[in-house]
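Below, each chain spelled out in residue letters.
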Amino acid sequence: MAASSSAEQTQLQDMEEEDAGMEEREMESEEEEEEGMGVENSDEEEDDSSEDEKENEAEIQRLEEQLSINAFDYNCHVDLIKLLKQEGELFRLRKARQKMSELFPLTEEIWLDWLKDEIRLTEEEPNREKVYELFERAVKDYICPDIWLEYAQYSIGGMGSPGGIDKVRSIFERAVTAVGLHMTKGQAVWEAYREFENAILSTVQPPPGRVPSREEQELLKTQLERIHTLFRRQLAIPLMDMEATYAEYEEWSEHGVAETVVHQYKKAVQQMEKCKSFEESLIVAEPPKLAEYQSYIDFELKEGDPARIQIIFERTLAENCLVPDMWAKYNTYLDRQLKIKDLVLSSHERAVRNCPWTMGLWKSYLLALERHGADHQTVSDVFEKALNAGFIQATDYVEIWQAYLDYLRRRVDFSKESSKELEELRGAFSRSLDYMKQDVEERFGESGDPSCIIMQIWARIEALHCKNIQKARELWDSIMTKGNAKYANMWLEYYNLERSYGDPVHCRKALHRAVQCTSDYPEHVSEVLLTFERVEGSLEDWDVAVQKTETRLNRINEQRAKVAEKEANLARQEEERADQRRKAKAEKKAQKKIHKGARAGEKRRAEQDDYNDEWNDDSEQAPKRHRGNGDQTTEEYMETETGLFGRNAPPGYKPAPAGNKRAQQEAAAAAQRQNDDKPELRNDNSSVFISNLAYTLQEPEAKLRTLFESCGPIKQIRPVFGNKGTFKGYCYVQFESPVSVPEALKLDRQEVEGRPMFVSPCVDKNKNPDFKVFKYNTSMEKQKIFISGLPFSCTKEQLEELCKSHGTIKEVRLVTYRSGKPKGLAYVEFADEAQASHAVLKMDGMDLEGNKISVAISNPPRRNMMDKAGSNRTSDMMPRQVFGSRGRGRTQLSLLPRSLHRQSGPVSKVRNGTAAEQAPATAASSAAAGETKPLSNSDFAKMLLSK
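**Student:** Tell me about the sheet that holds strand 8 (residues 822-830), and please be specific about residues and values.
**Tutor:** In a beta sheet, neighbouring strands are held together by backbone hydrogen bonds and run either parallel or antiparallel to one another. Strand order in the open sheet made by the four strands is 7-8-6-11, with antiparallel pairing throughout. Looking at strand neighbours, the two that pair on one side only are strand 7 (809-816) and strand 11 (854-858), the edges of this open sheet. The sheet shows a mean angle of 20 degrees between the axes of neighbouring strands, direction not considered. Pairing analysis gives seven bridges linking strand 7 to strand 8, with the strands arranged antiparallel.

**Student:** Can you tell me about the packing of helix 24 (residues 504-517) against helix 25 (residues 522-536), naming the residues and giving the values?
**Tutor:** Where helix 24 contacts helix 25, the axes come no closer than 9 Å and their chain directions differ by 155 degrees. Looking at the two axes, helix 24 sits roughly antiparallel to helix 25. Viewed along their axes, helix 24 and helix 25 form a crossing whose handedness is left-handed. Counting all contacts with helix 24, which are made through Pro504, Cys507, Arg508, Leu511, His512, Ala514 and Val515, the residues of helix 25 involved are Val525, Ser526, Val528, Leu529, Phe532, Glu533 and Glu536. Here the contact of helix 24 with helix 25 is composed, by residue class, of nine nonpolar, two polar and three charged.

**Student:** Tell me about unusual backbone geometry, and please be specific about residues and values.
**Tutor:** Geometrically, the link from Pro287 to Pro288 is a cis peptide bond, its omega value of 10 degrees lying close to zero. Of note, Pro288 is situated in the loop between helix 12 (259-284) and helix 13 (290-303). Backbone geometry places Lys467, a non-glycine residue, at a positive phi of 55 degrees. Structurally, Lys467 is set in the loop between helix 21 (453-464) and helix 22 (469-484). For Lys467, a relative accessible area of 66% gives the class exposed. Its identity is not glycine, yet Asn692 carries a phi of approximately 65 degrees, on the positive side. Take Asn692: it is sitting in the loop between strand 1 (687-691) and helix 29 (700-708). Since its relative accessible area comes to 5%, Asn692 is described here as buried.

**Student:** Let's hear about the sheet that holds strand 3 (residues 727-735): which residues, and what values?
**Tutor:** Across the sheet, which stays open at both edges, the five strands sit in the order 2-3-1-5-4 with antiparallel pairing between neighbours. The sheet is open, and its two edges are formed by strand 2 (714-721) and strand 4 (750-752), each paired on a single side. When the angles between neighbouring strand axes are averaged without regard to direction, this sheet yields 30 degrees. By the bridge criterion, six bridges tie strand 2 to strand 3 in an arrangement that is antiparallel. Directly across from Ile717, in strand 3, lies its bridge partner Val733. Helix 29 rests against strand 1, strand 2, strand 3, strand 4 and strand 5 (755-761) of the sheet, and its axis sits at about 140 degrees to strand 2.

Parameters and conventions
- Going along each chain's sequence as written, the residues are numbered from 1 onward.
- Under the rules for a predicted model, residues below a pLDDT of 70 receive no local features and side-chain atom pairs below 80 are neither given nor counted, while totals for whole chains, interfaces and linings still include all residues.
- Think of the side-chain values as coming from all heavy atoms in the structure, minus any hydrogens and water.
- Whether two strands pair depends on DSSP finding at least two bridges between them.
- What counts as a helix is a DSSP run of H or I of at least four residues, what counts as a strand is a run of E of at least two, and both are numbered from the N terminus.
- Angles here are taken between N-to-C directions and fall from 0 to 180 degrees, while the axes themselves are lines fitted to C-alpha atoms, restricted in helices to the stretch in contact.
- Between 65 and 115 degrees an angle is taken as roughly perpendicular, under 35 as roughly parallel, over 145 as roughly antiparallel, and anywhere else as oblique.
- Whether a crossing is left-handed or right-handed is set by the direction in which the near helix is turned from the far one by less than a right angle, anticlockwise for left-handed and clockwise for right-handed.
- Any pair of residues with heavy atoms lying within 4.5 Å of one another is described as a contacting pair.
- Residues are grouped as follows: Ala, Val, Leu, Ile, Met, Phe, Trp, Tyr, Cys and Pro are nonpolar; Asp, Glu, Lys and Arg are charged; all remaining types, including Gly, are polar.
- Each residue is assigned to one of three classes by its accessible area relative to the maximum for its type, calculated with a 1.4 Å probe on protein chains only: buried under 20%, partly exposed between the two thresholds, exposed over 50%.

Rendered as structure tokens:
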């Protein structure tokens, strides 16, 4: 009858709604007739709205299609829900939320939006149970005070139904149990609970002037006691703003506050003061606040209150739900300390739903299910979900299979010759091998189990528990055919199995095969065979063993000798090629310097002759005197400018007035020579080497001083210039103290006028030939991802914004050419490998500005030393010329033709046909005076410029 009456009621309501709809349509038609065409919207507005609707619908269809391909695309689910809510597609919106909730725990915001929409849609009493079911699902995902408050408030709306008040109290009790210990938000739940009980109190109080009945007095007393109890329970918990609650209780209580309550309140205040600093640090910290939460967790673990430890873990995970390490720590605590079945299994389930790509969480979940006696079907279902979770490494599948096989093995009663569990175990072993060969190898290009650990375990189980040594031998034959026969440890493992469960015949057979096949440690295998024959074998067996081992070892030694000889020949050939390249490069460089010096001499002589002809047309002696002055000026010019900075003065160089020019040039030359003669003024320990700067950089010394002065006091900056006065793109920065060097190294790769500036330690390669400047790791870094295919317009900030949703980013590095132009590659380092793995799972294949990017764990290919040695780069073959901490010295620049370096040779002519006549005289006079001082730049200039 109740069902039929509710059905009739529903029909009546539908009819009323239909009538109301018809009335509205009639009114609308009347209004249109009255207002005419003037009430219609403009055509442009209608076109714009229809275009927006079409675009949104197309985007919705695209997102739905993408989810049909990859249902685990979290961001795609979120975008689809936002669009459907914007379009008002309530039915499709409900369906989209339902699908997402089946795959992922929903955030507090998504749940609250969903709940509020459902509350508006189902305001009729018969449909309240559906909303209750939705609330029950919401509170299981995360511990969220706001969802519990919304749940309690919604339940108050149904308190008029039978048992409604008890239901509201039950929900409030569950709420204060779940989030009542929340330091900052728990107070709101307690206050809402008290307000509800105060509302009930107002209904049971008799009106003024009427004496309450005995039953009313009992109800009033019970209700007052409930409120007293709520106050006492709240005041015993450390919460923010406890003082206001205590003052409210003092005012509300007619008989004052009991001593026990005061004592508990003071104790809670003391506890709150201990936690206050942690709460304040969480308030000011930026998300994800992992470091602050970890400090808070460590504090609560030391305090040892299980309820408080649980609530701080839950708070942490609500804000960091995609951090597998935090889930692992929480689950480990629950497994080892609380051991409450419902709590433990719920936490493990939420962990794998949040981080399905993390194998360790699935493995812990399987162990927890077995530990708490879950039925076999449940464990098997969880394992099947784990296989479909999408692990990022082949070895993860090996480990999850091992965990499941261990579980199946523990179910078997091996005292029975045959059982259902044993057959299931054998079937699972066979399936695991097929899965590794097909699914895993197809996806990763490797099985993840090169040593065949699963097959080894299966063989040992067959030999030990099932007494089936023949099956174990078959398995080991299969293991050896998978490329393991060349490893000594594999043969010794098989030998130990035969030694424990087989017979001497098969032991001997295994060792003989090992001697023939092993290539890594044949001596060790041979020794094991000889030891076995000493204990077990006859004389004939001993002779056979000795003969086989000697034959095998002789062959191995011959092979090793050939390989060593081949490597020596290759090394010698490579060394000869390197010598040839060094000689060719040196000759080419020397020839280039000779031509450059000859051209410079011609130019100087031509300029000087023009100068003399212009001012000395009337005198024959004047040109000679003036040419002598010119030579002297040229000598000074070369000494002060060419010798120090190249032909032209460096940027920022201000020439002195004409009258003082010669004096200043001499002073500069003297200062430079003094620095050259005092290497103690230079200190490599407090210097850094700057390179890859633009050759066109103006005033490099001033710009670098501005850039590096924040690192510490600067003693000197030494930019290096070429022969023509052009900046060579590198320099040395020397600080007052070595303490400034680490700060300066932090500026490595910083852009200077569009190019990455390289900053490296100043190290003398002559003293430290093995020093490596390259600072990046060349091996696998599981916490770092490598991104390729990026658009060249992508900036560091855009990439960081793209990646930060997947975890805590420690560093973003865009790879560029030396010119600063991007290569479309980048490295992003996360806080841990789980976050990096999640980023790979979510970002690989993503479309970014029309480019499909590839994302993988950072694993640079190993460098082959032979390939490196055989490369055509002369920098790889030839030792770099080291100029010390100051760069190239003046005396290393040769302006002299090669023939002049030979003391006994005839005087050669320079390229323009003028003889270097003064060279022999200068050399002879130096020799006659017994001087051993090398020629200076001025001497070279005289040789080149004199006739």
